[in-house]
Amino acid sequence: MEREKIRLRFLEIFGLILGLLFLSPFYIILVNSFKTKKEFLLTTLSLPESATLANYTKAIDKMNFVSAFRNSLIITVTSIVLIIVFSSMAAWMLVRTNNKTSKFIFYSFVASMLIPFQSVMLPLVDLFGKNNLNLINTYTGIIFMYMGFGASLSVFLFHGFIKSVPRELEEAAMIDGCNKFQSFWYIVFPLLKPITLTVAILNGMWIWNDFLLPSLVLQRKSLRTIPLSTRYFFGTYQADWTLAMAGLVLAILPIVIFYFFAQKHIIKGAMEGAIK
Amino acid sequence: MAKKLDNPLRKLKEKFLFLGFVGPIYFAFIMVVIIPFLIGVYYSFTNWSAIPGRAIDFVGVSNYIKAFNDQQFAVSFRATIMYTAICVLLINIVGFGLALLVVQKIRSANLLRTVFFMPNLIGGLILGYVWRFVFIKVFVALYETTGLGIFGLPWLSDANQAIWAMAIVTTWQMAGYIMVIYVAALQGVPKSLLEAAQIDGANILQKTRHITFPLVAPAFTVSMFLTMSNSFKMFDVNLALTKGDPSRMSELLTLEIYNKAFTESNFGEGQAQAVILFFLIGIVSLIQVYFNKKREVEM
Amino acid sequence: MKRLVSISMVLLMVIGVLVGCGERETTNEQENVTLDIFQGKVEIVDQLEELVEDFEKEYPHITVNLDTSGGGEDYLAILKSRMNSGNQPAIFQVPGPTERDLWIDFLEDLSSEKWVDVTADGLLDNITVDNKVLGQPVNIEGYGVMYNRAILNRAGVTDEMIKDVDTLSKLKEVFETVDSKKDELGLETTMGWSVGGTAWWVAAYHTFNVPFAMQSDPMNFIQDLNDDKANFIDNDRMLAFKDLVDTFIKYSYEDVASIDYEKQYSDFASSKTAFIQQGNWTINQLNEIDENLDIAFLPIAISDEKGWGNDSIPVGVPNYWVVNKQLDSKVVEASKLFLEYTAMSERGQQFMVEDAKYIPAFTNVDVKDADPLAKSIISYASEGKTIPWVWHAFPSGMNENDAKQAFQDYVLGKKTWEEALNFLDEKWDEKTN
């Protein structure tokens, strides 16, 4: 056991050093978010002479932070919930149905992960634009799009996981009189917790930070998300780097906190049995 | 399951159930991804300029012929292959290593998971600024103090080095993301199995090699596929870090497609390149998934 | 071609013609109109927002949505997606002939607007088709070889010598004088110029413009290139241009292929370099580092030839406001009203001069206290020493893709000058055939 302790101690130190290395680029962002523009440009690496919160207050004001935060939250949370509900259902059905349609659908999800966004963006805004579905500048529109874009990866991940969930449990439930719907929600879904959290985290990060799609779809100021409003620190000829860095810190803080707590649950929810 | 009577009503009911479960997300997926993509494929056979109201002429396969004769397309193609190969290797090695580390019973495991994931939260122009600063100024300073050759390389002004630089930044960004997937898989490895091996006197390497590896093989398939498709489609890091410099040698395919379609207002040709890229990644990924699946152990 | 001669008159004459607003027939039954403006300049978004608010107060029946593309995102790409989404802006921006022709089906004829008469001569050429004025110039900008007078004086370059620069030889002389005292002056390098990094546009747009602008008829030359009647490789200006580029490389940073824009301007503002090639739009950024900089422009000379414009600086209109004629006629009218408000009302003029610190394109606007860079531009213009901005007439992608690549290939020694010119010829033909 003594040897085990030493090994862990060693791993701990190694991990912390590695962690610092990973975080080092954040140092540049953090220290400069407290500097004046001049200080930032002339002494980028040193600590701020007098830490001022001015960039933060100005960034909050310029980003319209409260409204942007609310928009980001509504869009991200709703999208994640919908993605999880519908893609876990779909993935389960696809695993449990062994026919050509099911295979075709699964592989079309997988294949679509290879499509670069830039090549669908113009037809997409046309389809959802004023002359067709008219969902530009609405929460519904962008949430629906996130459902569509998030579907592939989420179904893919759920699919991989569900394959390892034993059939017997569901069958037992069916015999006990549950219908398919109930046996999925009461028996299968709780077993999916680790992968559900993984899907939530991966999609959450992406949607929270996404810039390109909102920039195309949310054109009204009142609908701006956090990434949209931070990008207004970047002009054609100049960037307000110090403000932008303060804005970035503000933007990622909520998600870091969310992640920190969410991943604790992943560990707790770890289930027996291998992923297959 | 016991085979029940195959009556038509039951079949219909099953179809409805299938539709009910798969339908909602598949509908969104078709509307958002498939239809726009098919429209895009159609545009690749036209001279569409992306100006609404302009006549769209069908030009056959001439956009594809142009793409194959385009020197820059060839350069970008090569750069993309090299970049993807490096990324898939680096990200999976680092990501798996990180996952192994944070599932240990160390006190900072929770903190470290968050820390390793954090790079994923920085994108776009700030990512570019910070990393350009690191490569241009911090590395030079490190070279002057440590004398280590690796810091003295022309990271951003040499074509091959620039591709490595992008791969390093991508690894920094994505290793934590892939780690999350490996962590989920590692936690599925039954403790009893590892403990049994321990009792049998297996050391950590043996345990990893003979128990953990085979059991997380499916996660490898997933991660390899994700890193590969992600690297093939990389746009953000490319634009922010090198923007193709030097001399468009580090311009990856997606950026080249964007340039064709938007900067040069040549949407048809850009779209043709996108279709080629799609088939390229499709073939490579399928081969990769096929071989990985073969390797996976049955349990 | 001294098209911009009259701007000078304009700017110096200080005409106080303030045409009041509200002269347009205001019908009693005013229906509510919503006006979407899509613009690309994040720098002035707050000021523009205030202008919009006051405009809305003045015309309560009009609601304006100001939409700005930020993040260094490609304005044209986002504009295309806006247009394709059907949520088309009523007012947007077009930089010059290439994009003008792209959007030609959307552009409302603005020829009969009042501000057309007070627009300085020559400024509407780029936006006029078949005698129809299709856009309103947003402002005037200029660039050149910017110098720090204090450093030059300390190096022994007198104000007379500065004024006297009208050829490349004289420009080189000034560079050399400063360069020889680099260490005493505490300079990192003499000039901050780069062809890559985040500063690529300085070379690929602005430096690259010079040999075109110095053609005897630039627009004609571009047309000849399009029609394959002219070539880069056979053109005396293009061949001479090498000398200027070599000069810039010689006196700039060692890593001229990847130095970033931030370093360029912060080094200049903190007196670590004596020259940069930049425009008047940098004034705020420079002043944030040192507000007492004594700076002005030298011409960007490419040779010693008389009559090419080697004594001049490039001055032009970076963007035009245009009105989308495919929208409802009420929206089109409201849009015209907004443009009139910007150009003709006292409030609009305050926006241009005081808020946005523009050099206005209109003769009725009085510039009171211009910053040193604007002053320098005005003084060149008053002597008729300006050459035009013509890259907005190049085939799409020529600057950001091909000129950038040619510069980098040349700097890195991958192409000789002749090879670079041949490469540009080839790319130009590819795009125009």
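These numbers come from a predicted model, not from an experiment.

### Overview of the overall build of chain C
On a plain count of helices and strands, chain C comes out with 19 helices and 13 strands. Against the globule reference of 22 Å for 433 residues, chain C gives a C-alpha radius of gyration of 22 Å, in line with a compact fold. Considered along the principal axes of its C-alpha atoms, chain C spans approximately 75 × 50 × 35 Å. Looking at chain C residue by residue over its 433 residues, the buried ones come to 55%.

### Quick word on the overall build of chain A
Tallying secondary structure elements over chain A gives 13 helices and zero strands in all. The order of α-helices and β-strands along chain A, N terminus first, is α-α-α-α-α-α-α-α-α-α-α-α-α. With respect to the principal axes defined by its C-alpha atoms, chain A has extents near 70 × 70 × 30 Å. Every one of the 276 residues in chain A was classed for burial, and the buried ones make up 50%. Contacts spanning at least 24 positions in sequence make up 74% of the contacts within chain A whose residues lie at least 6 apart.

### Topic: the nonpolar core
Counting 316 residues, the largest nonpolar core has Ala90 of chain A together with Ile126, Met179 and Tyr182 of chain B as its most contacted members. Among the elements that take part in this core, helix α7 (residues 159-186) of chain B stands out by supplying 20 residues, more than any other. Both domains that meet at this core, namely domain 1 (17-140 + 317-366) and domain 2 (142-315 + 386-432) of chain C, each give it at least three residues. When near neighbours in sequence (up to four residues on either side) are disregarded, Tyr182 of chain B contacts Gly95, Phe96, Ala99, Val216, Ala219 and Ser223 of chain B.

### Structural notes on the domain arrangement of chain C
Often, the extent of an interface is quoted as the loss of accessible area on bringing the components together. All names here are of chain C. By the assigned domains, chain C splits into domain 1 (17-140 + 317-366) and domain 2 (142-315 + 386-432). Between domain 1 and domain 2, the residue contacts involve six residues of the former and seven residues of the latter. Looking at the side of domain 1 that touches domain 2 residue by residue, the class counts come to three nonpolar, three polar and no charged.

### Some thoughts on the pairing of strand β1 (residues 33-39) of chain C
All names here are of chain C. Strand direction decides the pairing type here: β1 and strand β2 (residues 62-68), joined by seven bridges, are parallel. Note that in β2 the partner of Asp36 across the bridge is Asn65. Read as a crossover between parallel neighbours, the route from β1 over helix α2 (residues 45-58) to β2 is right-handed.

### Digging into the interface of chain A and chain B
Taken together, the contacts link 76 residues of chain A with 77 residues of chain B. When contributions to the side of chain A that touches chain B are tallied by element, the ones reaching two or more residues are α1 (2-32), α4 (65-96), α5 (100-112), α6 (121-127), α7 (139-162), α10 (193-209) and α13 (241-268) of chain A. Broken down by class, the residue content of the side of chain A that touches chain B amounts to 56 nonpolar, 14 polar and six charged.

### Quick notes on unusual backbone geometry
The step from Asp245 of chain B to Pro246 of chain B runs through a cis peptide bond, and the omega angle for that step is -10 degrees. Counting through the fold element by element, Pro246 of chain B comes out in the loop between α10 (236-241) and α11 (253-263). Positive phi outside glycine occurs at Ser271 of chain C, with the angle close to 60 degrees. In this structure, Ser271 of chain C sits in the loop between α13 (261-269) and β9 (275-279).

### Topic: the interface of chain A and chain C
With 25 residues of chain A in contact, the opposing surface of chain C contributes 28 residues. When residues of the side of chain A that touches chain C are traced back to their parent elements, those giving at least two are α2 (37-42), α6 and α11 (212-217) of chain A.

### So, helix α9 (residues 204-232) of chain B
Note: α-helices contain 3.6 residues per turn, so residues at a spacing of three or four share the same orientation. Given a rise of 1.5 Å per residue, 29 residues ought to cover 42 Å, yet the end C-alpha atoms of α9 of chain B are separated by just 35 Å, more than 12% below that figure. Approximately 55 degrees is the largest bend angle found in α9 of chain B, and it occurs at Ala217 of chain B, with the proline Pro218 of chain B only one to four residues beyond.

### Digging into the confidence of the model for chain C
Residue and element names in this part refer to chain C. Taken as a whole, chain C shows an average pLDDT of 90; of its residues, 92% reach a score of 70 or greater. Taken as a whole, residues 1-26 scores under 50 in pLDDT and shows 44 contacts with residues more than four places along the chain or in a different chain. Per the prediction output, this complex has pTM 0.89; the corresponding ipTM is 0.86.

### Some remarks on the environment of Thr225 of chain A
Residue and element names in this part refer to chain A. Inspection of the secondary structure assignment puts Thr225 in the loop between α11 and α12 (226-230). By C-beta crowding, Thr225 is classed as buried, having 28 other C-beta atoms within 10 Å. Along the sequence, Thr225 and Arg7 sit 218 residues apart, while their C-alpha atoms lie 46 Å from each other.

### Considerations on helix α3 (residues 75-84) of chain C
Of all 10 residues in α3 of chain C, 10 are buried; the element is thus mostly enclosed. Within α3 of chain C the residues assigned to the buried category are Tyr75, Leu76, Ala77, Ile78, Leu79, Lys80, Ser81, Arg82, Met83 and Asn84 of chain C. Where the residues of α3 of chain C are buried, they touch α6 and α11 of chain A, α11 of chain B together with β1, β3 (91-94) and α4 (97-102) of chain C.

### A few points about the packing of α1 of chain A against helix α5 (residues 124-146) of chain B
Following both chains from N to C, one finds α1 of chain A and α5 of chain B inclined at 110 degrees, their axes separated by 10 Å at the closest point. When the axes of α1 of chain A and α5 of chain B are compared, the pair comes out roughly perpendicular. Only Ile126, Val130, Trp131, Phe133 and Val134 of chain B of α5 of chain B make contact with α1 of chain A, whose side of the interface consists of Pro25, Ile28 and Ile29 of chain A.

### Section: the environment of Leu111 of chain B
Residue and element names in this part refer to chain B. Tracing the backbone shows Leu111 in helix α4 (residues 109-117). Leu111 gets classed as partly exposed once you count the C-beta atoms within 10 Å, which come to 15. It is 34 Å that separates the C-alpha atoms of Leu111 and Ile25, two residues lying 86 residues apart in sequence.

### Comments concerning the confidence of the model for chain A
Residues and elements named next belong to chain A. When pLDDT is averaged along chain A, the result is 86; 95% of the residues meet or exceed 70. By mean pLDDT, the top-scoring element of chain A is α4 (94), and the lowest-scoring one is α13 (81). This model gives residues 268-276 a pLDDT under 50, and the stretch forms 29 contacts once residues within four places in sequence are excluded.

### Topic: the pairing of β9 of chain C
Residues and elements named next belong to chain C. Burial analysis of β9 places five of its five residues in the buried class, the great majority of the element. The alternating pattern of β9 places Phe275, Gln277 and Gly279 on one face and Ile276 and Gln278 on the opposite face, and all of these are buried. In this structure, strand β8 (residues 191-192) lies alongside β9, joined through two bridges in parallel fashion. Bridge pairing in β9 places Gly192 opposite Ile276.

The rules behind the values
- Residues numbered from 1 in each chain as written.
- Chains lettered and ligands numbered in written order.
- Predicted model: local features only at pLDDT ≥ 70, side-chain atom pairs only at ≥ 80, totals over all residues.
- Helix = DSSP H or I, 4+ residues; strand = E, 2+ residues; numbered from the N terminus.
- Rg over C-alpha atoms; globule rule 2.2 N^0.38 Å.
- Buried ≥ 20, exposed ≤ 12 C-beta atoms within 10 Å, placed from the backbone.
- Contact = placed C-beta atoms within 7 Å.
- Core = buried A, V, L, I, M, F, W, Y, C linked by C-beta atoms within 7 Å.
- Domains from an automatic or database assignment.
- Nonpolar A, V, L, I, M, F, W, Y, C, P; charged D, E, K, R; others polar.
- Pairing = 2+ DSSP bridges.
- Right-handed = clockwise from strand over helix to strand, strands pointing away.
- Expected span 1.5 Å × (residues − 1).
- Bend = angle between axes of the 7 residues up to and from the residue.
- pLDDT = per-residue confidence, 0-100.
- Axes fitted to C-alpha atoms, helices over the stretch in contact; angles between N-to-C directions.
- Parallel < 35°, antiparallel > 145°, perpendicular 65-115°, else oblique.

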